Amino acid sequence: MSHDPNCLFCKISQGLIPSQKVYEDEEIYVFKDINPAAPIHFLMIPKKHIPMLESAESVDAPLLGRMMELAPRLAKEQGCRPGKDGGFRLMVNNGADGGQEVYHLHLHVMGGPRPWKK
């Protein structure tokens, strides 16, 4: 599995920088956002260093699919209300114009009262 020794999220997934872990398996690491934008806000990252969604390759499709499948379960476990009256938001920033600040692919999962509705 590839890692970038200078990447903040690679270091977090390897346990070199502390985080509030939500979930971990062989390919995915999930942790709470240190500057949450919603009552429930965590990040899902592949352990493989993929700089941005745009740089993902077809071989990464199963991993990305697993992340999308895992997101609803973790959102519910973290306190998001299920169903059409509840829910959560998934967000992926890609590149500078897309608001990406850390160049390691990550999914923001946010739930609870909608602060983005302002």
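A quick note: this is a predicted structure, and the numbers were derived from the prediction, not measured.

A.B. asks: Any chance you could explain the nonpolar core here in plain terms?
C.D. replies: Side chains of nonpolar character tend, in soluble globular proteins, to be buried together. Val30, Phe42, Met44, Met67 and Leu74 are the most contacted members of the largest nonpolar core, which has 19 residues in total. Secondary structure elements with two or more residues in this core: β1 (21-24), β2 (28-32), β3 (40-46), α2 (61-77) and β5 (107-111). A per-element tally of this core places α2 first, with seven residues. Other than its neighbours up to four places away in sequence, Val30 contacts Gln20, Lys21, Val22, Tyr23, Phe42, Leu43, Met44 and Leu74. Core analysis: the next-biggest nonpolar cluster, separate from the first, contains eight residues, Cys10, Ile12, Leu43 and Ile45 among them.

A.B. asks: What should I look at first to understand the pattern of salt bridges in this one?
C.D. replies: Charged atoms that come close allow side chains of opposite charge to pair. In this structure the tally under the stated criterion is six salt bridges. For Lys21, the salt bridge goes to Glu24, with nearest N and O atoms at 3.1 Å. A relative accessible area of 35% means that Glu24 is categorised as partly exposed. With a closest N to O distance of 2.5 Å, Asp60 and Lys48 form a salt bridge. Of the two residues, Asp60 is situated in the loop between β3 and α2 and Lys48 in the loop between β3 and α2; the sequence distance between them amounts to 12 residues.

A.B. asks: Which parts of the structure should I look at to understand the environment of Lys32?
C.D. replies: With respect to the helices and strands, the residue Lys32 is situated in strand β2. Distance in space between the C-alpha atoms of Lys32 and Val109 is 9.4 Å, their sequence separation being 77 residues.

A.B. asks: For this particular structure, what's the right way to read α2?
C.D. replies: In an α-helix, one turn spans 3.6 residues; hence positions three or four apart end up facing the same way. Across its 17 residues, α2 extends 25 Å between first and last C-alpha, which sits within 8% of the 24 Å expected from 1.5 Å per residue. Considering bend angle alone, the principal kink of α2 is centred on Ala71 and spans about 30°; proline Pro72 follows within four residues of it. Of all the positions in α2, only Leu63, Leu64, Met67, Leu70, Ala71, Leu74 and Ala75 are classed as buried. As for α2, its buried residues are in contact with β1, β2, β3, β4 (88-91) and β5.

Reading the values: the criteria
Residues numbered from 1 in each chain as written. Predicted model: local features only at pLDDT ≥ 70, side-chain atom pairs only at ≥ 80, totals over all residues. Heavy atoms only, no water. Core = buried A, V, L, I, M, F, W, Y, C linked by side-chain atoms within 4.5 Å. Buried < 20%, exposed > 50% of the residue type's maximum accessible area, 1.4 Å probe, protein only. Helix = DSSP H or I, 4+ residues; strand = E, 2+ residues; numbered from the N terminus. Contact = heavy atoms within 4.5 Å. Salt bridge = Lys/Arg side-chain N within 4 Å of Asp/Glu carboxyl O. Expected span 1.5 Å × (residues − 1). Bend = angle between axes of the 7 residues up to and from the residue.

Read these as layout, nothing more, since geometry by itself doesn't imply function.
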